[in-house]
Amino acid sequence: MKIKNLTVCYEQLAILEDFSLELPDQGIICFFAPSGTGKTTLLRVLCGLIPAQSGTIEGLEEKKFAFVFQEDRLIPSLSVRDNVGLVLGKEYQALAQEYLGALGLSGWEDSFPDELSGGMQRRAAIARAFAYGKQHEGNVVYLLDEPLKGLDEKTAEQVMEFIRQKTKGSLTFFITHDKEQARILSDQILCFEGQPMKLKEILVGLDKIRAKGELDV
């Protein structure tokens, strides 16, 4: 896919300005940069939630987008199972149970969001996004905005393995501020600086990412 000459402004502030980037069609691509650089804005532009003032995005025209937002966005009046099932067609409802179980939420399916810890709510939101993605397998892009936020180290490791397995063959964009998570999960790390946001460095391949040592952002 290609981003060509993209410009996105909030009032008079340019978040992206004449921004161009060519990316692979598969793999987990990490956006790594200080807070406020424009990473979340770029994710939202990619899926059409935010319009660009100018520029084009090629290669995503027919794609479905499975988005894990920074906020969990669970519906308080629905059970955990129903929150996941809300995005699914009837023939895919069993995925709600399957993915909640895979993320360690067996036994909590009938609970409501306010009965869960913050980390459990996070995993429910992840289950919802990936269940939606599964029903569009082969035509989905995953957008993960700090998906591991609030998870303890052991749980984060389990969730990273879940993400790695479920995104095989798909294109995934992943935002994190955790250097170790970026190294473990990513096929490429795109290091940005700005504003406006500019590409500083690309790290490709797990061995090269690990050999880099401290990510320089």
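For the structure, see preceding data.
Summary of the structure given here. Throughout, a residue's number is its position along its own chain's written sequence, starting from 1. Local features in this predicted model are restricted to residues whose pLDDT is 70 or higher, and side-chain atom pairs enter the listing and the counts only when it is 80 or higher, whereas totals over whole chains, interfaces and linings include all residues. Hydrogen atoms and water are omitted, and side-chain values are computed over all heavy atoms in the structure.

A few words now on the side chain of N83. Note on conventions: DSSP H or I runs of at least 4 residues are helices, E runs of at least 2 residues are strands, and numbering of each starts at the N terminus. Positionally, N83 belongs in helix α2 (residues 80–85). N83 sits in the buried class, given a relative accessible area of 2%. Looking at N83, its side chain comes within polar contact range of the main-chain nitrogen of I75, at 2.7 Å. When checking whether two residues touch, look at their non-hydrogen atoms; a contact exists if any pair is within 4.5 Å. The residues touching N83, leaving out its near neighbours within four places in the chain, are L74, I75, L78, P113 and R128. Relative accessibility decides the category of a residue: with a 1.4 Å probe and only protein chains considered, values under 20% of the type maximum give buried, values over 50% give exposed, and everything between is partly exposed. Here a polar contact is recorded for every N or O atom pair within 3.5 Å, except that within protein the pair must consist of a potential hydrogen donor and a potential acceptor, and residues adjacent in sequence are included only if both atoms are side-chain atoms.

Another point: the environment of I3. If you trace the backbone, I3 turns up in strand β1 (residues 2–10). Since its relative accessible area comes to 2%, I3 is described here as buried. Beyond its immediate sequence surroundings of up to four residues, I3 is in contact with F19, S20, L21, L23, L42, L46 and T56.

Glancing now at the sheet that holds strand β2 (residues 13–22). A pair of strands is labelled paired if DSSP reports no fewer than 2 bridges between them. Spatial strand order, β2-β1-β4: three strands in an open sheet with antiparallel pairing. Strands with a single pairing partner mark the edges of an open sheet, and in this sheet they are β2 and β4 (54–58). When the angles between neighbouring strand axes are averaged without regard to direction, this sheet yields 25°. One ladder, built from six bridges, connects β1 with β2; its direction is antiparallel. Bridged to L6 within β2 is F19. Here an axis means a line fitted to C-alpha atoms, over the contact stretch when the element is a helix, while the angle between two N-to-C directions is reported on a 0 to 180 degree scale. The strands touched by helix α1 (residues 39–46) are β1, β2 and β4; relative to β1, the strand with the most contacts, the crossing angle is about 115°.

So, about a nonpolar patch on the surface. For patch detection, residues must exceed 30% relative accessible area and be free of salt bridges, and they are connected within 9 Å for like charges or within 5 Å for nonpolar side chains (Val, Leu, Ile, Met, Phe, Trp, Tyr). Each accessible area value is a Shrake-Rupley result obtained with a 1.4 Å probe; residue values ignore everything except the protein chains displayed when judging cover. Salt bridge, as used here, is a side-chain nitrogen of Lys or Arg placed within 4 Å of a carboxyl oxygen of Asp or Glu. Taken together, the side chains of L199, I202 and V204 define a hydrophobic patch exposed on the protein surface, amounting to about 220 Å² of accessible area. Following the sequence through the fold, V204 ends up in strand β9 (residues 198–204). You can call V204 partly exposed: its relative accessible area is 41%.

The next thing to look at is the pattern of salt bridges. The full count for this structure, using the stated rule, is seven salt bridges. The shortest N-O distance in the salt bridge between E58 and K4 comes to 3.2 Å. Of the two residues, E58 sits in strand β4 while K4 sits in strand β1, which places them 54 residues apart along the sequence. Overall, the relative accessible area of 33% leaves E58 in the partly exposed class. For R183, the salt bridge goes to E180, with nearest N and O atoms at 3.1 Å.

Functional significance is not addressed by these values, which are geometric in nature.
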